[in-house]
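Letter by letter, the chains look like this.
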Amino acid sequence: MRNTINAILPNVKKPARYAGGEFGSITKDPAAVDYRVAFCFPDTYEIGMSHLGLRILYGILNNIDGVWCERVFAPWQDMEEQLRTRGLPLFSLESCTPVGDFDMLAFTLQYELCYTNVLNMLDLSGIPVRACDRDDSHPLVIAGGPCAYNPEPVADFIDLFVVGDGEDAIVELTSLCRTAKRDGVSKTELLFAASKIEGVYVPSLYDIEYNTDFTVKSITAHGGAPAVVTKRMVTDLDSSYFPVETIVPSTEIVHDRVTLELFRGCIRGCRFCQAGFTNRPVRSRSAGLLTEQGTSSLEYSGYDEISLTSLSTSDYPDLITLTDNLIDWCAPRHINLSLPSLRADSFTPELMERVKRVRKSGLTFAPEAGSKRLRDAINKNLSEEEILHACSVAFEGGWTGVKLYFMLGLPTETDDDVVAIAEMCSAVLRTWKKNSSVKARGVRVTVSVACFIPKPHTPFQWVPQVSIEEFRRRQRLLCDSMKRSINLNWHDPETSLVEAILARGDRRLGKAIYAAWQSGCKMDGWSECFSLDRWLAALGQCELDARFYANRERAVDEVLPWSHISTGVPSAFCERELERARDAVVTPDCRSKCSGCGVSRLHKGVDCCE
């Protein structure tokens, strides 16, 4: 099939997306393996190859003798047209094998707007889209990633989900599947056995009952499946796999560099942040190991940039030691060190001096809200003085640009809070005029404003999203209040509405996702492909109301579609945090004082206040 694919590559705009053969990719003899996994990323190559999780699981699976994991990405419209016109199936990059010939398809669900891509990739592979239409002759279809914390909207299409960290669970699951294949075990029997693995959720083993008002009445497990599926968690990152010898893409990708994961989890407890709650507790890698992994990855790949990543990089306890180690190695080799996810209250002159020793990348801070009251409500716990001090340090150090991230539509937000965003940005400009060491070069302040989306397993999982019309009104208010010298960007509320619907949806949404895909919805995360009209039509066709999912306030005692999925943080803690948000009362970070979220009970020996 490789020759056939190569023949059509000149007909697409970015053929390197589909060519394969990159340095570091793994090829095995098909005759020497007994189980083949297609790791499916439901977005383009440039997005998927920027994802560290893909590289981790790819390496783990390929380190197992007899198992071969290959990559599959969602084709762009031009490539899809070529495949459908010529009657060709979706294929893997490593061996150009049709996806339908694999034993397992493993999707990672990073973003709700990729759901229609999952359906489209299955269809392009000649595989029935609905799980109930697949039999023992079809590959097992599994999924994981952040969206697995509410798997219900796509439960109709996935055989099983891995909730939480995938490193250990994928090894256990693959071992079970290899044995089942060898012994001729049926898919039904396999799913029963898989449900016993910690962190595995099998939708077909759970019955959902609804009230007359369409809220969930009950979620009942059967067949021995656990009543509540608790997330899987890697407790020791130092002993977990890291892809030092990783794939080097043949074309530019979004994050074209070495990515070094410092820790998982976050001590801060921002009430809007799903990742901050689902990834508790904090688990760190040691600075010595990170130094070794970072330098070895740079040597192997030849990249000229390394990025330190986590939910809040500046909260890594040994950050100064780590940056010193890496800079000593990177500076003479002219390799850039990037530190995203910095908190303004942690950007010190000491840290700045280290970053200045290599090429300066842009600085980004995320105040999230303009007023102190609203930042307290969302538990950002950051003062305007701390934000301006960080900008002052940067401008004195020679930086001429800063990016600031905010959200509109946060719970308890008022018009005064919206105007406060513009006032803070003006204060940043004044800080530059007062403190810049290179005024002749001017300043660039870029402000990006997202629309708040209530997410499962957070204190804001019960609150409504504001309407599209209200988002637009607040955007106009902000624009009218902002100085013209500031670059203002905002996310469109239409895609945010659909994301909110899918994020907090129940299993009934599966038929709407199917209808939306049939009407042409795919690549919904790309503005040129997204159509709100098609989504609303699909919901209407299925007699579902967008406002029921996105704009409805939920009672704290309501059975939520994800109530049978546990992150280890009890609902009572989230409810308490919601009340504190309404009173604009902050909860101290985990290192200052334990808030008693309860997640440390998941695994003995893991200190959530690390």
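Below or above, wherever it landed, is the structure these notes cover. (Residues numbered from 1 in each chain as written. Predicted model: local features only at pLDDT ≥ 70, side-chain atom pairs only at ≥ 80, totals over all residues. Heavy atoms only, no water.)

### A few points about the pairing of strand E16 (residues 401-408)
The line we're drawing: Any two strands with at least two DSSP-identified bridges between them are counted as paired. Labels follow the DSSP assignment, with helices taken as runs of H or I lasting at least four residues and strands as runs of E lasting at least two, numbered in each case from the N terminus. We call a crossover right-handed when, viewed with both strands directed away from the observer, the connection leading from the first strand over the helix to the second proceeds clockwise.
By the bridge criterion, 4 bridges tie strand E15 (residues 363-368) to E16 in an arrangement that is parallel. Looking at the pairing, phenylalanine 365 lines up with leucine 404 of E16. Pairing between E16 and strand E17 (residues 444-451): 8 bridges, direction parallel. Looking across to E17, one finds that lysine 403 is bridged to threonine 446. Of the crossover connections in this fold, the one passing from E16 over helix H15 (residues 415-435) to the parallel E17 is right-handed.

### Re the packing of helix H4 (residues 52-62) against helix H7 (residues 167-183)
For the record, the criterion: For every element, the axis is a line fit to its C-alpha atoms; helices are fit only across the contacting stretch, and the angle between N-to-C directions ranges from 0 to 180 degrees. In a left-handed crossing the near helix is turned counterclockwise from the far helix by less than a right angle, and in a right-handed crossing that turn is clockwise. Contacts between residues were defined by any pair of non-hydrogen atoms, one from each residue, lying within 4.5 Å. Here the nonpolar group is Ala, Val, Leu, Ile, Met, Phe, Trp, Tyr, Cys and Pro; Asp, Glu, Lys and Arg are the charged ones; every other residue, Gly included, is treated as polar.
Orientation of H4 relative to H7, taken along the N-to-C sense of each, is 40 degrees, at an axis distance of 10 Å. With respect to the hand of their crossing, H4 and H7 are arranged in right-handed fashion. Listed contacts from H7 to Ile56, Leu57, Ile60 and Leu61 of H4 are Glu167, Ile170, Val171 and Thr174. When its residues are assigned to classes, the contact of H4 with H7 shows 6 nonpolar, 1 polar and 1 charged.

### Looking at the packing of aromatic side chains
Keep this limit in mind: Think of it this way: a Phe, Tyr or Trp ring, Trp meaning its six-membered ring, pairs with another when their centres are within 6.5 Å, and the plane angle makes it stacked under 30 degrees, edge-to-face over 60, tilted otherwise. Whether a charge sits over a ring comes down to the Lys NZ or Arg CZ being within 6 Å of the ring centre and within 35 degrees of the ring normal.
Across all of its chains, the model carries 10 aromatic pairs by this definition. Members of the aromatic cluster, connected to one another through ring pairs, are Phe161, Tyr201 and Tyr206. Between arginine 36 and the ring centre of phenylalanine 102, over which it is positioned, the NZ or CZ distance is 5.1 Å.

### Focus on the packing of helix H16 (residues 468-481) against helix H17 (residues 493-503)
This is how the line gets drawn: An angle counts as roughly parallel when it lies under 35 degrees, as roughly antiparallel when it exceeds 145, as roughly perpendicular when it falls between 65 and 115, and as oblique in every other case.
The contact between H16 and H17 brings their axes to 9 Å, and the two run at 140 degrees. Classed by the angle they form, the pair H16 and H17 counts as oblique. As for the relative orientation of H16 and H17, their crossing is right-handed in sense. Every residue of H17 that contacts H16 at Ile468, Phe471, Arg472 and Gln475 is listed here: Pro493, Glu494 and Leu497.

### Focus: helix H21 (residues 571-582)
In plain terms, the rule: How far a helix is expected to stretch is found by multiplying one less than its residue total by 1.5 Å. The buried label applies to any residue whose accessible area, calculated with a 1.4 Å probe on protein chains only, is under 20% of its type's maximum; exposed applies above 50%, and partly exposed to all values in between. Think of it as the arc spanned by the lines of direction from the helix axis to the C-beta atoms.
With 12 residues, H21 ought to run about 16 Å at 1.5 Å a step, and its terminal C-alpha atoms sit 17 Å apart, in line with that. Listing the buried residues of H21 in full gives Phe573, Cys574, Glu577, Leu578 and Ala581. On an axial view of H21, the arc spanned by its buried residues comes to 145 degrees, and they lie on one face. Against helix H9 (274-278) and helix H13 (372-377) lie the buried residues of H21. At the C-terminal side of H21, alanine 584 shows a positive phi close to 55 degrees.

### Details of the state of the cysteines
Put simply, the rule reads: The rule for a disulfide is simple: a pair of cysteine sulfur atoms within 2.5 Å.
All chains considered together, the criterion is met by 0 disulfides. Unpaired in terms of disulfides, cysteine 425 finds its nearest cysteine sulfur in cysteine 391, a separation of 9.4 Å.

### Details of the pattern of salt bridges
Where we set the bar: Any Lys or Arg side-chain nitrogen found within 4 Å of a carboxyl oxygen on Asp or Glu counts as a salt bridge.
Per the stated rule, a full pass over the model turns up 44 salt bridges. With its nearest N and O atoms 3.1 Å apart, the salt bridge here joins aspartate 183 to arginine 182. Relative accessible area serves as the criterion here: at 47%, aspartate 183 is assigned to the partly exposed category. For arginine 271, the salt bridge goes to glutamate 577, with nearest N and O atoms at 2.9 Å. Separated by 306 residues along the polypeptide, arginine 271 in the loop between strand E11 (263-264) and H9 and glutamate 577 in helix H21 bring together distant segments of the chain. The residues arginine 271 and glutamate 577 share a single accessibility class, namely buried.

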